[in-house]
Amino acid sequence: MSRTVLCYGDSNTYGYDPRSFLGDRYAKDIRWTGILDGTSDWSVTCCGQNGREIPTQPRQWEEVRELLRQAGPDVFAVMLGSNDLLCRPGFTAEHVAARMEAFLTALAHPRTLLISPPAMVPGSWVTEERLLTESARLAGCYEALAGKLGCAFADAERWEIGLTFDGVHFSEDGHKVFARHIAETLDALLPPSPARPQCP
């Protein structure tokens with residue numbers, strides 16, 4: 001029986017192809033959610049959206065609660081925070097973590113995996129030192145938050161994800177590497193059921 005995961009995130013969960021200016025995405029067999037869905041026994045509900053920040057309003061939280069009620073996933077995997085830094089001048093990792101704490105506390109899903117996105121690198125979208133510094137600091141803040149809330153944590157920075165020319169979005173190879181590591185992380189969080197012995 002397959003295990004289910006709802007992946008909630010921004011353009012890197014959506015699979016945005018930065019070579020496009022029209023919001024196009026990589027093919028399913030290239031983006032990490034599609035690879036995970038097609039090469040493991042994880043059944044994936046992809047809820048990635050370009051430009052998404054961490055939801056901060058009760059009505060937004062209720063929309064996500066409804067997503068969770070409908071999908072009923074074994075694991076709720078969340079990777080957000082990059083757009084909060086990109087779109088909010090002066091935001092620090094602590095500001096982002098405070099938003100995430102309010103969001104996850106409101107949802108209170110029993111098996112949440114909080115994923116810290118890879119730190120940004122210099123690129124066409126990343127020309128401010130603050131973005132480099134605070135995106136690199138986010139993993140530490142998220143790890144502390146996960147400990148506080150009692151949820152699982154993964155630091156994608158440690159996975160050496162390849163990023164594209166803009167300094168934010170995953171490359172095609174980056175998606176493949178991410179898919180491999182997220183599968184290992186999910187398997188550790190919720191191991192597959194042992195195979196039933198075959199009748200003679």
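To be clear, the structure that these remarks concern was listed above.
Just so it is clear, the structure is predicted and the values come from calculations on it, not from any experiment.

Draft legend 1. Representation of the overall build of the chain in the model. A tally of helices and strands in the chain yields 7 helices and 5 strands. If you list the helices and strands of the chain from N to C, you get β-α-α-β-α-β-α-α-β-α-β-α. Taken over C-alpha atoms, the radius of gyration comes to 17 Å for the chain, in line with the 16 Å a tight globule of 200 residues would show. Overall size of the chain, expressed as C-alpha extent along the three principal axes, is 65 × 35 × 30 Å. Restricting to contacts in the chain with at least 6 residues of sequence separation, those with at least 24 account for 75%. Only carbon and sulfur atoms are counted for the fraction: they give 53% of the accessible area of the chain, which is about 9800 Å².

Draft legend 2. Region of the structure containing helix 7 (residues 172-189). Its 18 residues place the ends of helix 7 26 Å apart at the C-alpha level, agreeing with the 26 Å of an ideal helix rising 1.5 Å per residue. For helix 7, every residue scored as buried is listed here: Gly174, His175, Val177, Phe178, Ala179, His181, Ile182, Ala183 and Leu186. In this structure, the buried residues of helix 7 make contact with strand 1 (3-9), helix 1 (11-14), helix 2 (32-39), strand 2 (42-48), strand 3 (75-79) and strand 4 (112-116).

Draft legend 3. Seen up close, the packing of helix 3 (residues 58-71) against helix 5 (residues 93-107). Interaxial distance between helix 3 and helix 5 falls to 10 Å at its minimum, and their mutual angle equals 50°. Judged on the interaxial angle alone, helix 5 and helix 3 are oblique. Pair helix 3 / helix 5 crosses with right-handed handedness. Of the residues in helix 5, those touching helix 3 at Trp61, Val64, Arg65 and Leu68 are Ala102, Phe103, Ala106 and Leu107. Grouping the amino acids of the contact of helix 3 with helix 5 by side-chain chemistry returns 7 nonpolar, no polar and 1 charged.

Draft legend 4. Region of the structure containing the pattern of salt bridges. Under the criterion given, the structure shown has 16 salt bridges. A salt bridge links arginine 88 to glutamate 53, with the nearest nitrogen and oxygen atoms 3.0 Å apart. Taken together, the residues arginine 88 in the loop between helix 4 (82-87) and helix 5 and glutamate 53 in the loop between strand 2 and helix 3 connect sequence positions 35 residues apart. Judged by relative accessible area, which is 34%, arginine 88 ranks as partly exposed.

Draft legend 5. Layout of the side chain of aspartate 84. Within the secondary structure layout, aspartate 84 lies in helix 4. For aspartate 84, a relative accessible area of 0% translates into the label buried. When near neighbours in sequence (up to four residues on either side) are disregarded, aspartate 84 contacts Glu53, Ile54, Phe91, Val96 and Arg99.

Draft legend 6. Region of the structure containing the sheet that holds strand 3. If you walk across this open sheet you meet the 5 strands as 2-1-3-4-5, and the pairing is parallel. Across the chains shown, the open sheet's two edge strands, defined by having one partner strand only, are strand 2 and strand 5 (152-155). Looking at each pair of strands side by side, their axes are set apart by 20° on average, direction ignored. Pairing of strand 1 with strand 3, which is carried by 5 bridges, proceeds in the parallel orientation. Residue pairing across strands places leucine 6 opposite phenylalanine 76, the latter belonging to strand 3. The sheet contacts of helix 5 involve strand 1, strand 3 and strand 4, and relative to strand 3 the element is tilted by about 165°.

Rules behind the numbers
Residues numbered from 1 in each chain as written. Predicted model: local features only at pLDDT ≥ 70, side-chain atom pairs only at ≥ 80, totals over all residues. Heavy atoms only, no water. Helix = DSSP H or I, 4+ residues; strand = E, 2+ residues; numbered from the N terminus. Rg over C-alpha atoms; globule rule 2.2 N^0.38 Å. Contact = heavy atoms within 4.5 Å. Areas by Shrake-Rupley, 256 points an atom, 1.4 Å probe, with all protein chains shown as cover. Expected span 1.5 Å × (residues − 1). Buried < 20%, exposed > 50% of the residue type's maximum accessible area, 1.4 Å probe, protein only. Axes fitted to C-alpha atoms, helices over the stretch in contact; angles between N-to-C directions. Parallel < 35°, antiparallel > 145°, perpendicular 65-115°, else oblique. Left-handed = near helix turned anticlockwise from the far one by under 90°. Nonpolar A, V, L, I, M, F, W, Y, C, P; charged D, E, K, R; others polar. Salt bridge = Lys/Arg side-chain N within 4 Å of Asp/Glu carboxyl O. Pairing = 2+ DSSP bridges.

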